[in-house]
Amino acid sequence: DVKVTQSSRYLVKRTGEKVFLECVQDMDHENMFWYRQDPGLGLRLIYFSYDVKMKEKGDIPEGYSVSREKKERFSLILESASTNQTSMYLCASSLLAGRKETQYFGPGTRLLVL
Amino acid sequence: AQSVTQPDIHITVSEGASLELRCNYSYGATPYLFWYVQSPGQGLQLLLKYFSGDTLVQGIKGFEAEFKRSQSSFNLRKPSVHWSDAAEYFCAVFNAGGTSYGKLTFGQGTILTVHP
């Protein structure tokens with residue numbers, strides 16, 4: 001079974017803090033994704049990566065950055081957290097770049113920015 | 001750009017009743033479509049997917065979906081709902097072209113409540 005894990009289930013941070021959300025997959029997947037989920041908006045793609053050190057902007061990259069130093073790990077960084085970044089963050093991975101692949105999701109991190 | 005619409009934000013059914021969740025998509029080529037389910041506080045679990053072939057797709061937990069190109073729809077169905085099906089359901093389309101290859105576009109989600 002594919003396993004995607006996220007470092008925290010719940011986080012509370014203060015405005016202006018730098019926040020790191022970590023995601024790890026254990027199936028040697030090439031693609032990794034970060035989404036945010038908000039009520040009534042579904043999931044929106046923030047960033048994705050199809051290889052180590054590669055990244056592509058998604059639909060809502062503003063205020064976020066990412067890092068992929070190792071194939072199994074994809075980090076989402078909020079450089080200076082703001083209250084409008086309070087949300088549920090979901091990481092996903094899929095096997096091969098350039099192919100139609102199913103995405104597998106982690107359990108999510110619920111972030112509250114005060 | 002592709003888009004997915006789930007017209008029903010919230011649906012309530014009685015346990016044992018049949019269920020249909022609607023999904024309409026906008027996509028310029030043959031779509032690759034997914035249904036995911038999210039239980040409270042959990043991540044998304046794949047229910048089923050359509051890539052090609054038979055337009056009636058069977059999934060896990062007794063769910064099925066039918067791809068109708070003429071109606072740009074991919075509705076999810078279950079003949080008899082169980083209380084454990086209460087969750088939020090998401091339809092998504094895979095982007096198979098251009099610079100956004102590999103991206104999923106999701107609908108807004110449909111929350112399913114099941115009455116005993």
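Residues numbered from 1 in each chain as written. Chains lettered and ligands numbered in written order. Predicted model: local features only at pLDDT ≥ 70, side-chain atom pairs only at ≥ 80, totals over all residues. Heavy atoms only, no water.

Engineer: Looking at this structure, how should I read the overall build of chain B?
Structural biologist: A tally of regular secondary structure across chain B gives zero helices and 12 strands. The order of α-helices and β-strands along chain B, N terminus first, is β-β-β-β-β-β-β-β-β-β-β-β. The C-alpha atoms of chain B give 14 Å as radius of gyration, which agrees with the globular expectation for 116 residues (13 Å, within 12%). Principal-axis analysis of the C-alpha atoms places the extent of chain B at approximately 45 × 30 × 20 Å. Looking at the 116 residues of chain B, the share that counts as buried comes to 47%. Long-range pairs, those at least 24 residues apart, make up 54% of the contacts in chain B with a sequence separation of at least 6. Carbon together with sulfur atoms contributes 50% to the accessible area of chain B, which is approximately 5,300 Å² in total. (Helix = DSSP H or I, 4+ residues; strand = E, 2+ residues; numbered from the N terminus. Rg over C-alpha atoms; globule rule 2.2 N^0.38 Å. Buried < 20%, exposed > 50% of the residue type's maximum accessible area, 1.4 Å probe, protein only. Contact = heavy atoms within 4.5 Å. Areas by Shrake-Rupley, 256 points an atom, 1.4 Å probe, with all protein chains shown as cover.)

Engineer: Looking at this model, I keep getting lost on the interface of chain B and chain A. Mind explaining?
Structural biologist: It is common to give the size of an interface as the accessible area that goes away when the parts come together. Between chain B and chain A, the residue contacts involve 22 residues of the former and 22 residues of the latter. Summed over both partners, the interface of chain B with chain A buries about 1,800 Å², with 56% contributed by carbon and sulfur atoms. Between Lys103(B) and Asp59(A) there is a salt bridge, and its shortest N-O distance comes to 2.5 Å. Applying the counting criterion to the chain B and chain A interface returns six residue pairs in polar contact (both at pLDDT 80 or more). Elements with a contribution of two residues or more to the side of chain B that touches chain A: strand S5 (32-38), strand S6 (44-50), strand S10 (87-94) and strand S11 (104-106) of chain B. If you tally residues by element for the side of chain B that touches chain A, the top one is S5(B), at four residues. (Buried area = accessible area lost by both parts, 1.4 Å probe. Salt bridge = Lys/Arg side-chain N within 4 Å of Asp/Glu carboxyl O. Polar contact = N/O pair within 3.5 Å; in protein donor to acceptor, adjacent residues only side chain to side chain.)

Engineer: Just to check I follow, could you spell out the nonpolar core for this structure?
Structural biologist: When a protein is soluble and globular, its nonpolar side chains tend to lie buried together. Core analysis: the largest hydrophobic core is formed by 26 residues, its most contacted members being Leu19(B), Trp35(B), Leu47(B), Leu48(B), Phe74(B), Leu76(B) and Tyr89(B). Elements with a contribution of two residues or more to this core: strand S2 (10-14), strand S3 (19-21), S5, S6, strand S8 (64-68), strand S9 (73-78), S10 and strand S12 (110-115) of chain B. Ranked by the residues each element gives to this core, the list is headed by S10(B), at four residues. The residues touching Leu47(B), leaving out its near neighbours within four places in the chain, are Trp35(B), Tyr36(B), Val37(B), Gly59(B), Ile60(B), Lys61(B), Phe63(B), Leu76(B) and Tyr89(B). Grouped together as the second largest cluster of nonpolar side chains are 20 residues, Val4(A), Cys23(A), Val66(A) and Phe74(A) included. (Core = buried A, V, L, I, M, F, W, Y, C linked by side-chain atoms within 4.5 Å.)

Engineer: Could you clarify how one ought to interpret the pairing of strand S7 (residues 65-70) of chain A in this entry?
Structural biologist: The side chains of a regular strand alternate, residue by residue, between the two faces of the sheet. Residue and element names in this part refer to chain A. Alignment of S7 against strand S8 (residues 73-78), held across four bridges, turns out to be antiparallel. By the bridge assignment for S8, Ser 67 is matched with Ser 75. Two successive antiparallel strands, S7 and S8, enclose a turn made up of two residues. (Pairing = 2+ DSSP bridges.)

Engineer: I would appreciate a short explanation of the sheet that holds S8(A) in the present structure.
Structural biologist: Remark on secondary structure: sheet strands pair via backbone hydrogen bonds, oriented parallel or antiparallel. Residue and element names in this part refer to chain A. An order of S1-S3-S8-S7 is seen for the four strands of this open sheet, with the pairing classed as antiparallel. Across the chains shown, the open sheet's two edge strands, defined by having one partner strand only, are strand S1 (4-6) and S7. For this sheet, the mean angle separating the axes of adjacent strands, direction not counted, is 20°. Two strands pair when backbone bridges link them, and S1 and strand S3 (residues 19-25) are joined in this way by three bridges, in the antiparallel orientation. Note that in S3 the partner of Val 4 across the bridge is Gln 25. (Axes fitted to C-alpha atoms, helices over the stretch in contact; angles between N-to-C directions.)

Engineer: Is there a simple way to explain the side chain of Asn31(A) in this structure?
Structural biologist: Of note, Asn31(A) is situated in strand S4 (residues 31-38). Within the local environment of Asn31(A), its side chain forms a polar contact with the side chain of Ser94(A), the two groups lying 3.0 Å apart.

Engineer: What am I meant to see in the packing of aromatic side chains here?
Structural biologist: For any pair of aromatic rings, the description rests on two quantities: the centre-to-centre distance and the angle between the ring planes. Using the criterion set out here, one finds 17 aromatic pairs over all chains in the structure. With 5.6 Å between their ring centres and 40° between their planes, Tyr35(A) and Phe105(A) make a pair best called tilted. Remark: Phe105(A) occurs in strand S10 (residues 104-105) and Tyr35(A) occurs in strand S4; sequence separation between them is 70 residues. By relative accessible area, Phe105(A) is classed as buried at 10%. Classification of Tyr35(A) as buried rests on a relative accessible area of 0%. Feature note: the residues Phe33(A), Tyr35(A), Phe48(A), Phe105(A), Tyr32(B), Phe34(B), Tyr36(B), Phe51(B), Phe90(B), Phe94(B) and Phe106(B) constitute an aromatic cluster, connected by ring pairs. (Phe/Tyr/Trp six-rings, centres within 6.5 Å; stacked < 30°, edge-to-face > 60°.)

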